Amino acid sequence: MTITVTGATGHLGQLILRELQGQDVRAVARRPEAISGVEARLGDYDRPETLVDAFAGTDTLVFVSASEAGKRTAQHRAVVDAAVEAKVGRIVYTSITLADTNSIPLAPEHKATEEFIKASGIPYTFLRNNWYFENYTGNLAGTLEHGAVLGAAGDGRIAAATRADYAAAAAVVATTAGHDGKAYELGGDRAITLSELAAAIAERFGKPVVYRNLPVDDYAAALESFGVPAGFARVLAEVDATIEHGSLDVVTGDLSRLIGRPTTTLAEFLQTL
């Protein structure tokens, strides 16, 4: 069985490839030359003409969602169309929590993609990933320097897990039977608040860190001041506003059941940094 992983140079794609070591696996990426150890093919979501050849001979396509919010609907439609033309046997798609009903601003593109896949007639599994712990540690040095985690999520809870946990689940679904037609709501075994995140960072690194809850406009402005493009900063701030109202407070146990162990805790994750 040939498994093809898209977005294979991205953070999640690389981890999925690692989990699939020893399988008949192929990597697809915009820069296939950056990949070693497995067959790599050019496949660019913005260049649909590259995708059919990239997917040829694929039994299971692990379709890692694109990273550019606002562009994904067209990009993902191109992937699904190419999968149909290439006669892909099955699609495993990395979606978002409660994609078909969630108020979070990132959900509509994922909902549309799920609908494209369903309409394609290709057997599918949706991996509806919650947040990554890594979302909050990309600028850990700045967090420690300023002693604050910023956000607009209030006391909303987030069922976050590590990218490695989500990658392990993707590998399980890609290599085992019984998942067709299912949508797994994946996330950590325990949801956390951003205040709890700040406290855990403070304990791990022995420095004072607090959570500063900001109005949405102020949080968007703060993100812009850190170099985030204005449009995306606004999206991230509006995401936080929905978190306050429960958009990511979804604990189902699906992730731990798939990977056969408890999900990585926040404290365990921080110990790796």
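Higher on the page you've got the structure.
Thresholds, definitions, all that
Here the residue index of a chain counts from 1 through its sequence in written order. Whole-chain, interface and lining totals are the exception, using all residues; otherwise, since this is a predicted model, local features are given only for residues with pLDDT of at least 70 and side-chain atom pairs are given and counted only at 80 or more. Only hydrogens and water are removed before side-chain values are computed, so all heavy atoms of the structure are retained for them. Helix numbers and strand numbers start at the N terminus; a helix is a DSSP run of H or I with at least 4 residues, a strand a run of E with at least 2. A radius of gyration in this sense is built from C-alpha atoms; the matching globule rule multiplies 2.2 Å by the number of residues raised to 0.38. By the convention used here, residues are in contact when the closest approach between their heavy atoms is within 4.5 Å. All accessible areas in this document rest on Shrake-Rupley with a 1.4 Å probe, and a residue is counted as covered only by the protein chains that are shown. Axis lines are fitted through C-alpha atoms, for helices just across the contact stretch, and the angle between N-to-C directions can take any value from 0 to 180 degrees. Angles are sorted into four bins: roughly parallel if under 35 degrees, roughly antiparallel if over 145, roughly perpendicular if 65 to 115, and oblique for all others. With the far helix as reference, a near helix turned anticlockwise by less than a right angle produces a left-handed crossing, and one turned clockwise produces a right-handed crossing. Under the scheme applied here, ten amino acids are nonpolar (Ala, Val, Leu, Ile, Met, Phe, Trp, Tyr, Cys and Pro), four are charged (Asp, Glu, Lys and Arg), and all others, including Gly, are polar. Of the grid points, spaced at 1 Å and generated over the protein atoms alone, those admitting a 1.4 Å probe that cannot get out make up cavities, while open sets with protein on both sides within 12 Å along at least five of seven lines make up pockets; any residue with an atom within 4 Å of a point is treated as lining. Grid points are joined across faces, edges and corners, and a volume is the space filled by probe spheres set on the points. The classification of residues rests on relative accessible area computed with a 1.4 Å probe and restricted to protein chains. Under 20% of the type maximum is buried, over 50% is exposed, and intermediate values are partly exposed. Strands qualify as paired when DSSP identifies two bridges or more between them.

A. Representation of the overall build of the protein in the model. Secondary structure assignment for the protein yields 11 helices and nine strands. In terms of overall dimensions, the protein is globule-like: its C-alpha atoms have a radius of gyration of 19 Å, near the 19 Å expected for 273 residues. Summarising the internal contacts of the protein: among those between residues at least 6 apart in sequence, 73% fall at separations of at least 24. Roughly 12,000 Å² of accessible area belongs to the protein as shown, and the carbon and sulfur atoms make up 50% of that amount.

B. Expanded view of the packing of helix H8 (residues 216–225) against helix H9 (residues 230–244). Interhelical geometry of H8 versus H9 gives an angle of 140° and a closest axis separation of 8 Å. With respect to H9, the axis of H8 lies oblique. Judged by the twist between their axes, the crossing of H8 over H9 is right-handed. Between H8, through Val216, Asp217, Tyr219, Ala220, Leu223 and Glu224, and H9, the contact on the second element is made entirely by Ala230, Ala233, Arg234, Leu236, Ala237, Glu238, Asp240 and Ala241. Partitioned by chemical class, the residues of the contact of H8 with H9 number nine nonpolar, no polar and five charged.

C. The layout of surface pockets, seen in detail. Each pocket or cavity is described by its volume, and for the second largest pocket that value is around 220 Å³. Along its surface, the second largest pocket is lined by Ala8, Thr9, Gln14, Leu17, Arg18, Gln21, Ala34, Ile35, Ser36 and Val38. Of the residues that constitute the lining of the second largest pocket, the class distribution is five nonpolar, four polar and one charged.

D. A look at the environment of alanine 237. Within the fold, alanine 237 resides in helix H9. Residue alanine 237 is classed as buried on the basis of its relative accessible area, which comes to 0%. Alanine 237 sits 18 residues away from tyrosine 219 along the chain, and the two C-alpha atoms are 5.9 Å apart.

E. Region of interest: the sheet that holds strand S2 (residues 25–29). If you walk across this open sheet you meet the seven strands as S3-S2-S1-S4-S5-S6-S8, and the pairing is parallel. On the outer flanks of this sheet lie strand S3 (39–42) and strand S8 (182–186), each paired with one strand and no other. When strand polarity is set aside, the average angle formed by the axes of neighbouring strands in this sheet is 20°. Where S2 and S3 come together, four bridges link them in parallel fashion. If you follow alanine 27 over to S3, its bridge partner there is alanine 40.

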